[in-house]
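Now for the letters of each chain:
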Amino acid sequence: MFTGLVEEVGTVRDREDVDGAARLHLAATTVTEDLAVGDSVAVAGVCLTVTDHDAGGFSADVMPESLARTTLGRLAAGAPVNLERAVRADARLGGHIVQGHVDGVGTVVSRTPGPRWDEVEIALPTSLARYVAEKGSVAVEGVSLTVTHVSDASFGIALIPTTLAATTLGTLAVGAAVNLEVDVVAKYVERLTGADR
């Protein structure tokens, strides 16, 4: 489990494609401080298992399902990615509950700079719109954000200076594809109430 509070922006060192899957080699420093093989790291919001690591980075395998359903299939050497280690039980939950299980890919449709922030509109798959609520939480590229408004086709977020500076969201251009994870609580409520039937 993650909080959606990015610890650092890493870089894809290299990518190996093998039998429809991929192995990503990522440059990172902060998340490698206490990393062990088998640990979980959210990479652009996708929960991956560490297969190897050193002081300068780590490697993780990406299965065909994740390559097809997330933006990881589009990553190439040099690409920046948001990184977050799994939350510890004794840590503060500063963002919201993020599983690292991407629900779909959205597209940045507009970006409006403000005096100290940016307002961003993201188109989302119609099937996900029912899980997104105004003033609710959503993870975009693994970043926990508050929804400013929502429609059946898109939602808005406001990026504060810290988010602009400390994550990849600061440089996202219109047309960029982004990993989306909706609030897991909304999905469980729907399932338990039978609203999905």
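See above for the structure.
Summarised in this report is the structure supplied together with it. Within each chain, residue numbers correspond to sequence positions counted from 1 in written order. Local features in this predicted model are restricted to residues whose pLDDT is 70 or higher, and side-chain atom pairs enter the listing and the counts only when it is 80 or higher, whereas totals over whole chains, interfaces and linings include all residues. Computation of side-chain values: all heavy atoms of the structure, hydrogens and water removed.

What about the overall build of the chain?
Point 1. Only DSSP runs of H or I covering at least 4 residues are called helices, and only runs of E covering at least 2 are called strands; the numbering of each starts at the N terminus. When helices and strands are counted, the chain shows three helices and twelve strands.
Point 2. Its C-alpha atoms give the chain a radius of gyration of 16 Å, within 12% of the compact-globule value 16 Å for 197 residues.
Point 3. Across its three principal directions, the C-alpha atoms of the chain cover 45 × 45 × 40 Å.
Point 4. Taking all 197 residues of the chain together, the buried fraction comes to 42%.
Point 5. Restricting to contacts in the chain with at least 6 residues of sequence separation, those with at least 24 account for 68%.
Point 6. Here the chain displays about 9700 Å² of accessible surface, and carbon together with sulfur accounts for 53% of that area.
Point 7. Between the centroid of the 15 positive side chains of the chain and the centroid of its 26 negative side chains there is a distance of 4 Å. The globule rule used here is 2.2 Å times the number of residues to the 0.38 power, and the radius of gyration it is set against is calculated over C-alpha atoms. Throughout, exposure labels follow a simple rule: accessible area from a 1.4 Å probe, protein chains only, divided by the maximum for the residue type, with under 20% read as buried, over 50% as exposed, and the rest as partly exposed. Here a residue-residue contact requires only that any non-hydrogen atoms of the pair lie within 4.5 Å. Exposure was quantified through the Shrake-Rupley algorithm and a 1.4 Å probe, taking into account, for residues, occlusion by the shown protein chains and nothing else. The convention is simple: Lys and Arg are positive, Asp and Glu are negative, and His and the chain ends are not counted. Charge coordinates come from a single atom per side chain, which is NZ of Lys, CZ of Arg, CG of Asp or CD of Glu.

Quick look at the environment of L83
Point 1. Note that L83 resides in strand β6 (residues 80-85).
Point 2. Along the backbone, L83 and T11 are 72 residues apart, and their C-alpha atoms lie at a distance of 9.5 Å.

Regarding the pairing of β6
Point 1. Most of β6 sits out of view: five of its six residues are buried.
Point 2. A pair of strands counts as paired when DSSP detects no fewer than two bridges linking them. Pairing geometry for strand β1 (residues 8-18) and β6, over four bridges, is antiparallel. By the bridge assignment, V9 is partnered in β6 with N82.

Digging into the sheet that holds strand β5 (residues 57-62)
Point 1. Strand order in the closed barrel made by the six strands is β1-β2-β5-β4-β3-β6, with antiparallel pairing throughout. Across the sheet, the axes of successive neighbouring strands diverge by a mean angle of 45°, strand direction being ignored. Axis geometry follows a simple rule: fit a line to the C-alpha atoms, using only the stretch in contact for helices, then measure angles between N-to-C directions, giving values from 0 to 180 degrees.

Let's talk about the side chain of T163
Point 1. Considering the arrangement of structural elements, one finds T163 in helix α2 (residues 161-166).
Point 2. Among all residues touching T163, those that are not within four sequence positions of it are V143, L145, L169 and G170.

Topic: the side chain of E181
Point 1. Considering the arrangement of structural elements, one finds E181 in strand β12 (residues 177-182).
Point 2. Within this document, salt bridges are pairs made up of a side-chain nitrogen of Lys or Arg and a carboxyl oxygen of Asp or Glu, the two lying within 4 Å of each other. One buried charged residue, E181, forms no salt bridge at all, with the nearest opposite charge on K187 at 5.8 Å.
Point 3. A distance of 2.7 Å separates the side chain of E181 from the backbone nitrogen of Q99, its partner in a polar contact.
Point 4. Under this definition, polar contacts are N or O atom pairs within 3.5 Å; protein pairs additionally need one hydrogen-donor-capable and one acceptor-capable atom, and for neighbouring residues in sequence, both atoms have to be side-chain atoms. At a separation of 3.3 Å, a polar atom in the side chain of E181 contacts the main-chain amide nitrogen of H101.
Point 5. For E181, the contacting residues outside a window of four places in its chain are G45, V98, Q99, G100, H101, D103, V138 and A139.

A word on the pattern of salt bridges
Point 1. Tallying each qualifying case throughout the model produces ten salt bridges.
Point 2. Of the charged contacts in the structure, one is a salt bridge between E7 and R85, with a shortest N-O distance of 2.5 Å. Taken together, the residues span a long stretch of sequence, with E7 in the segment before β1 and R85 in strand β6 at a distance of 78 residues.
Point 3. Given a relative accessible area of 17%, R85 falls into the buried group.
Point 4. The partner of R23 in a salt bridge is D61, with the nearest N and O atoms 2.6 Å apart. One end of the pair, R23, is in strand β2 (residues 21-27); the other, D61, is in strand β5, and 38 residues separate them in sequence.
Point 5. A residue is classified by how much of its surface remains accessible, and R23, at 31% relative accessible area, is partly exposed.
Point 6. On the basis of relative accessible area, D61 is assigned to the partly exposed category, the value being 31%.
Point 7. Where salt bridges share partners, they join E7, D34 and R85 into one cluster.

Observations concerning the nonpolar core
Point 1. In this description, a nonpolar core means a group of buried Ala, Val, Leu, Ile, Met, Phe, Trp, Tyr and Cys residues linked to one another through side-chain atoms lying within 4.5 Å. If you look at the biggest cluster of nonpolar residues, it comprises 23 residues, and the most contacted ones within it are V43, L48, F58, L72, V81 and L83.
Point 2. Leaving out residues up to four positions away in the same chain, L72 has contacts with R15, V43, A44, V46, L48, V62 and L67.
Point 3. Of all hydrophobic cores here, the second largest spans 22 residues; its members include V132, V140, L172 and L180.

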